[in-house]
Amino acid sequence: MTRQMHLNLFIHSRGHHEAAWRHNSSTRRAPTDLAYYRDLALAAEAAKLDSVFFADHVVLGEDLGHAARGELEPLTLLGALAALTERIGLIATASTTYSEPYNLARQFASLDHLSGGRIGWNIVTSWAPAAAANFGQERQAGIDQRYDRAHEFVEVVSKLWDSWARDAIRDDRETGLYARTDRIRRIEHRGNHFAVAGALNIPRSPQGRPVFVQAGASTDGRAFAARYAEAIFTAHLQKESAISFYSDIKTQARALGRSPDQIVILPGISAAIGSTELEARRVWDELNELSHPSVGLSRLSNRFGGHDFSHLKLDQVLSVEDFPDPSQVQASRSRAQAITAHVARERPTLRRLLHSLAGARGHFTATGTPEQIADVIEDWFVSGAADGFNVMPPILPTQFTIFTSEVVPLLRKRGLFRGEYRDGTLRDRLGLDPARSDFDDPVAQQRSA
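Computed from a predicted model, the values in this text were never measured in an experiment.

Rules behind the numbers
Residues numbered from 1 in each chain as written. Predicted model: local features only at pLDDT ≥ 70, side-chain atom pairs only at ≥ 80, totals over all residues. Heavy atoms only, no water. Helix = DSSP H or I, 4+ residues; strand = E, 2+ residues; numbered from the N terminus. Buried < 20%, exposed > 50% of the residue type's maximum accessible area, 1.4 Å probe, protein only. Phe/Tyr/Trp six-rings, centres within 6.5 Å; stacked < 30°, edge-to-face > 60°. Lys NZ or Arg CZ within 6 Å of the ring centre and 35° of its normal. Right-handed = clockwise from strand over helix to strand, strands pointing away. Pairing = 2+ DSSP bridges. Expected span 1.5 Å × (residues − 1). Arc of directions from axis to C-beta. Salt bridge = Lys/Arg side-chain N within 4 Å of Asp/Glu carboxyl O. Axes fitted to C-alpha atoms, helices over the stretch in contact; angles between N-to-C directions. Parallel < 35°, antiparallel > 145°, perpendicular 65-115°, else oblique. Contact = heavy atoms within 4.5 Å. Nonpolar A, V, L, I, M, F, W, Y, C, P; charged D, E, K, R; others polar. Core = buried A, V, L, I, M, F, W, Y, C linked by side-chain atoms within 4.5 Å.

J.: Can you help me understand the environment of A30 in this one?
T.: Along the chain, A30 turns up in the loop between β1 (6-10) and α1 (34-46). The class of A30 is partly exposed, set by a relative accessible area of 33%. Sequence separation between A30 and A366 is 336 residues, and the spatial gap between their C-alpha atoms is 27 Å.

J.: Looking at this structure, I do not really get the packing of aromatic side chains. What am I missing?
T.: Note on aromatic pairs: each is described by the distance of the centres and the angle between the planes. For the structure on display, the rule yields 18 aromatic pairs. Measuring from centroid to centroid gives 4.8 Å for F224 and Y228, while their planes differ by 55 degrees, and the two rings are tilted. On the criterion of helical spacing, the pair formed by F224 and Y228 is a turn pair, its members being 4 residues apart in helix α5 (residues 219-228). Here the aromatic cluster, defined as three or more aromatic residues joined through ring pairs, consists of F108, W121, F153, W161, F194 and F212. The residue whose ring lies beneath R185 is F439, and the NZ or CZ to ring-centre distance is 4.2 Å.

J.: Explain unusual backbone geometry to me, please; I cannot follow it from the model alone.
T.: The general pattern is negative phi for most residues beyond glycine and trans for most peptide bonds. The step from G198 to A199 runs through a cis peptide bond, and the omega angle for that step is 0 degrees. That bond from L396 to P397 is cis: its omega, 5 degrees, falls within 30 degrees of zero. For P397, the location among the structural elements is in the loop between β13 (388-391) and α12 (398-413). Of note, the phi angle at D171 is positive, near 50 degrees, even though the residue is not glycine. Note on placement: D171 falls in strand β5 (residues 169-172).

J.: Looking at this structure, how should I read the pairing of strand β11 (residues 264-273)?
T.: Two faces make up the sheet, and in a regular strand the side chains alternate between them. Counting buried positions along β11 yields 10 of 10 residues, so the element is predominantly enclosed. Handedness of the crossover is the feature at issue here: the chain leaves strand β10 (residues 231-234), passes through helix α6 (residues 239-255), returns alongside β11, and the resulting connection is right-handed. Judged from the 2 bridges that link them, β11 and β13 form a sheet pairing that is parallel. What sits directly across from G268, in β13, is N390. Two strands pair when backbone bridges link them, and β11 and strand β12 (residues 364-368) are joined in this way by 5 bridges, in the parallel orientation. In the strand pairing of β12, S270 is matched with T365.

J.: What is the right way to look at helix α7 (residues 277-290) in this model?
T.: Because each turn of an α-helix spans 3.6 residues, side chains separated by three or four positions in sequence point in the same direction. Over its 14 residues, α7 runs 20 Å from end to end, which matches the ideal 20 Å to within 8%, given 1.5 Å per residue. Those residues of α7 lying buried are A280, V283, W284, L287 and N288. Buried residues of α7 fall within an arc of 120 degrees about the axis and therefore sit on the same side. When the buried face of α7 is taken as reference, the exposed residues oriented beyond 90 degrees from it are L278 and E289.

J.: Which parts of the structure should I look at to understand the pattern of salt bridges?
T.: Close approach of charged atoms allows side chains of opposite charge to pair. This structure, assessed with the given rule, holds 24 salt bridges. Among the salt bridges present, the one from K159 reaches E155, with a minimum N-O distance of 3.3 Å. Of the two residues, K159 and E155 both sit in helix α4 (residues 143-161), 4 residues apart, roughly one turn of that helix. Looking at K159, the relative accessible area reads 31%, which means it is partly exposed. Overall, the relative accessible area of 38% leaves E155 in the partly exposed class. The closest approach of N and O atoms between D387 and K250, which form a salt bridge, is 3.2 Å. Of this pair, D387 sits in the loop between α11 (370-382) and β13 while K250 sits in helix α6, and the two are 137 residues apart along the sequence. Each member of the pair D387 and K250 is classed as buried.

J.: Would you take a moment to explain the packing of α4 against α5 for this structure?
T.: To describe two helices that pack against each other, one gives the angle between their axes and the distance between the axes. Here α4 crosses α5 at 10 degrees, and the two axes come no closer than 11 Å. As the angle between them shows, α4 and α5 are arranged roughly parallel. Every residue of α5 that contacts α4 at I143, D144, Y147, A150, H151 and V154 is listed here: D220, G221, F224, R227 and Y228. Broken down by class, the residue content of the contact of α4 with α5 amounts to 6 nonpolar, 2 polar and 3 charged.

J.: Which parts of the structure should I look at to understand the nonpolar core?
T.: Across soluble globular proteins, nonpolar side chains have a tendency to be buried as a group. If you look at the biggest cluster of nonpolar residues, it comprises 74 residues, and the most contacted ones within it are L7, W121 and W161. A per-element tally of this core places α4 first, with 9 residues. For W161, the contacting residues outside a window of four places in its chain are L104, A105, F108, A109, W121, L200, R204, G208, R209, P210 and F212.

J.: Teacher, can you tell me more about α6 here?
T.: Compared with an ideal rise of 1.5 Å per residue, which puts 17 residues at 24 Å, α6 spans 24 Å between its outermost C-alpha atoms and is within 8% of the ideal. By the burial criterion, the buried members of α6 are K239, A242, F245, Y246, I249, K250 and A253. Buried positions in α6, seen along its axis, are confined to an arc of 120 degrees and lie on one side of it. Exposed residues lying more than 90 degrees from the buried face of α6 are E240 and A255. Those residues of α6 that are buried lie in contact with α5, β10, β11 and α11. Of the residues flanking the end of α6, it is G257, one or two places downstream, whose phi is positive at about 85 degrees.

Below, the structure is given as structure tokens:
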């Protein structure tokens, strides 16, 4: 069978361009309106996409005056969408820096039960510097400390999800036996960051645990992804960078004893699609004309840990000397490195840089007809840059409607994308192996019996 790609819809505000909320073709529904998310999820399901995804922000952006902010908390939203959809995967971000393992394990296990095994967890360490003050911390932990906590966090929640065997519940009315307690165990975890007794108070879910998704691209982020991730949302401005990342992750995974095909790599693509190239370019022009410089400057500052760029002129040609050393950035290090590499390569003005980042925050942007966008997607897919794509329409819902009605059929015609869903969980759809625990080991089963 021909290798087929995976497609995920990243639902963000009224579109991924920062000015989409002002555009005449974006939704007029509020970012707190469930009907908006329901309709997008159902449209993605009708197009047979693998999943929809929601990021999370644990701090209110300072650019609220000129940017649409205030989206719903994503785990709560996934619970609602689980009841409104039937087949599509549902992925949400949750922070290892500002969550506790036991609560998060319960939340994701519940969602996996409610959805029939369609849940994924985007594991993040929360790079926004201002977030710490919302959780009783005087300052943000450094990137090394955040990843050290993240490693232990994943270890703990994995133990909790594995603390029930699949056959622990007997529900036998005749004998009065509800559960086999020998098939449930405490985890008794004691580590540098967490002390958790367990067991989880929710039975093992349909997938065993959610699909592990990750988006970091720094050295620490790549090492974390190679060890744990089963799907990776990654940002690249060029195909060459995506190919290098793809090869590096698969190589690191192989060195850790993992099968490379158990990691699905999905670069972000934000495509402006029109019936002609000119019409597609007009989409970006209209959005950029609606953008407010303060929004872009605020986002750029956050990527570099709060660095002040306000002294730069909008039409000033930039050089890498205008930026802090990205290797020392404790916020979004990988994105800071990508931005400075772009500046060194392209030498844009500040205005052009802000426009390029406004479209998709450092993800790849494309412009063209449906055929041209399908060509780009196919090229990346067959060139070893991607196993599929994290679809990030600049305007929602209109640009996504064009994508599903005109680009997806072309991919399908080329044999690159499914025509129908097969039965199974999100893990099955992504081609991932079942999540196993010690209870699945024949020797362990014999010992417990």
